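Observations on the model geometry
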Amino acid sequence: MGFAHRIRREAKAAMLACPVAFFCACGPQRPVQTGVPADSSSLGGVSTVLPGAPAVFGVEAAGPDTVEVSWAEGSHVGDIIIVASPGTRVGAGDTLAVGTDSVAMMDLELAEMSLSLAEARSDASPADSALLAEVALAAARCSVLEASSRIALLSPFEGEVRSVSSSSAGQPSEGRPGAEIVVQGQSLVSLVPPPSSVMLRWPESAGELRLVEERDGTGIYSGEAPEGAFTFPGSFSLPRRAVLDSGLSSLVVLAGGDSIRIEPVCSDGDLVTALGPIPGGAAVRVWTGP
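Below: a short report on this structure.

Structural notes on the overall build of the protein
Across its full length, the protein holds four helices and 22 strands. Within the protein, the proportion of its 290 residues that are buried is 33%. In the form shown here, the protein has an accessible surface area of approximately 17500 Å², with 57% of it arising from carbon and sulfur atoms.

Overview of the sheet that holds strand β8 (residues 150-154)
Here three strands make up an open sheet; going across it, the order is β5-β7-β8 and the pairing antiparallel. Edge positions in the sheet fall to β5 (77-82) and β8, since each of these pairs with one other strand and no more. Between one strand and the next, the sheet's axes are offset by a mean angle of 25°, whatever the strand orientation. Two strands pair when backbone bridges link them, and β5 and strand β7 (residues 95-101) are joined in this way by four bridges, in the antiparallel orientation. The partner of Gly-78 across the bridge, within β7, is Thr-100.

Quick word on the environment of Val-135
Note on placement: Val-135 falls in helix α4 (residues 129-148). Of the residues examined, Val-135 reaches a relative accessible area of 17% and is grouped as buried. It is 6.2 Å that separates the C-alpha atoms of Val-135 and Leu-115, two residues lying 20 residues apart in sequence. Leave out the neighbours within four places in its chain, and Val-135 touches Leu-115, Ala-118, Glu-119 and Ser-122.

Things to note about the environment of Met-199
Of note, Met-199 is situated in strand β12 (residues 198-199). Taking C-alpha positions, Met-199 is 9.9 Å from Val-272, a pair spaced 73 residues apart along the chain. Excluding anything up to four places from it in sequence, Met-199 contacts Phe-57, Pro-193, Val-265 and Cys-266.

Structural notes on the packing of aromatic side chains
For any pair of aromatic rings, the description rests on two quantities: the centre-to-centre distance and the angle between the ring planes. Scanning the model with the defined rule gives five aromatic pairs in all. Measuring from ring centre to ring centre gives 5.4 Å for Phe-230 and Phe-232, while their planes differ by 85°; the resulting arrangement is edge-to-face. Exposure class is identical for Phe-230 and Phe-232. Each is buried. Here the aromatic residues Phe-57, Trp-202, Tyr-221, Phe-230 and Phe-232 are joined through ring pairs into a cluster of three or more.

Re the pattern of salt bridges
Taken as a whole and judged by the stated rule, the model has four salt bridges. Across the pair Arg-121 and Glu-134 runs a salt bridge whose closest N-O atoms are separated by 2.3 Å. Of this pair, Arg-121 sits in helix α3 (residues 102-124) while Glu-134 sits in helix α4, and the two are 13 residues apart along the sequence. Overall, Arg-121 belongs to the partly exposed group, its relative accessible area being 38%. Judged by relative accessible area, Glu-134 falls into the partly exposed class, the value being 33%. With a shortest N-O distance of 2.8 Å, Arg-240 and Asp-245 are connected by a salt bridge.

Re the sheet that holds strand β15 (residues 218-222)
The sheet built from six strands is open, its strands ordered β13-β14-β15-β11-β3-β16 with antiparallel pairing. Edge strands, defined here as strands with exactly one partner in the open sheet, are β13 (205-206) and β16 (228-230). Sheet topology places strand β14 (residues 209-215) next to β15; five bridges connect them, and they run antiparallel. Its bridge partner lying in β15, Arg-215 is registered against Thr-218.

A word on the pairing of β8
In β8, alternate side chains face the same way, and those of Ile-151 and Leu-153 are buried while those of Arg-150, Ala-152 and Leu-154 on the opposite face are not. Pairing of β7 with β8 involves five bridges; the strand directions are antiparallel. Note that in β8 the partner of Thr-100 across the bridge is Arg-150.

Observations regarding the side chain of Ser-237
With respect to the helices, strands and loops of the structure, Ser-237 is situated in strand β17 (residues 235-239). Among the polar contacts listed, one links the side chain of Ser-237 to the backbone oxygen of Ala-53, at a separation of 2.8 Å. Those residues in contact with Ser-237 that sit more than four places away from it in its chain are Pro-51, Gly-52, Ala-53, Pro-54, Val-272 and Thr-273.

Quick look at unusual backbone geometry
Positive phi is not limited to glycine here, since Asp-216 has a value of about 55°. Summarising the element assignment, Asp-216 is placed in the loop between β14 and β15. Residue class for Asp-216 comes out exposed when judged on its relative accessible area of 77%.

Rules and cut-offs
Residues numbered from 1 in each chain as written. Predicted model: local features only at pLDDT ≥ 70, side-chain atom pairs only at ≥ 80, totals over all residues. Heavy atoms only, no water. Helix = DSSP H or I, 4+ residues; strand = E, 2+ residues; numbered from the N terminus. Buried < 20%, exposed > 50% of the residue type's maximum accessible area, 1.4 Å probe, protein only. Areas by Shrake-Rupley, 256 points an atom, 1.4 Å probe, with all protein chains shown as cover. Pairing = 2+ DSSP bridges. Axes fitted to C-alpha atoms, helices over the stretch in contact; angles between N-to-C directions. Contact = heavy atoms within 4.5 Å. Phe/Tyr/Trp six-rings, centres within 6.5 Å; stacked < 30°, edge-to-face > 60°. Salt bridge = Lys/Arg side-chain N within 4 Å of Asp/Glu carboxyl O. Polar contact = N/O pair within 3.5 Å; in protein donor to acceptor, adjacent residues only side chain to side chain.

If you want it as structure tokens, here you go:
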């Protein structure tokens, strides 16, 4: 018993003193599979991949865009007078209709009552300078409230007026479109994503194109683009595991360790198409573990 106990104690001491030697003495181990993609290379034990071809979008001509113009949210507009009639052309900032704020009109009515009382007191004592000053102050307040009670509905774009709505007799308009304008003076194109892709966000600009809106799953851009195929300038594709999400931002890590912020555009299976200032020929690290 004493001899066997001494052997175990000496073996334990050897393992603590030299764990590498003890590990080697236990025999060869089976290799661990890292799951490195076939199209990537290994750099110092880190899996890397070169950016690939981006997603290709279809290009179609977009019809004229109809824009709804509404009164300010929460406004109770009454007594609307239509200025621009359907079929007329308007520029940005032109007045489409003029109405009155129903809430401001209530304040105006109270101010006019105060003015009438002040004038009555002043008529009874025409030599009282204090009453004359009260009349002047009440009149000025009425003028300010009357001006602020009028609300103009302005056109945000150049275009052709399709319709302008007004409230029916005695019914104020609230939260509904006041006018519809067919936008003109700009060329509109529709970018159609690949059938199997999922859009993450539409870039605000694409070369000479500028994003107008997203409509029925397509991106409507202002500008000229040849019909057919389109790729966002400077875009590329990467495996999903190469993209790190940090809050509202996304980034990739180059083979040398530098991090680059990118803008994901769409995903298709395991690939993500993105925009970003990745140097030409630079490899990107890919996380191959779980």
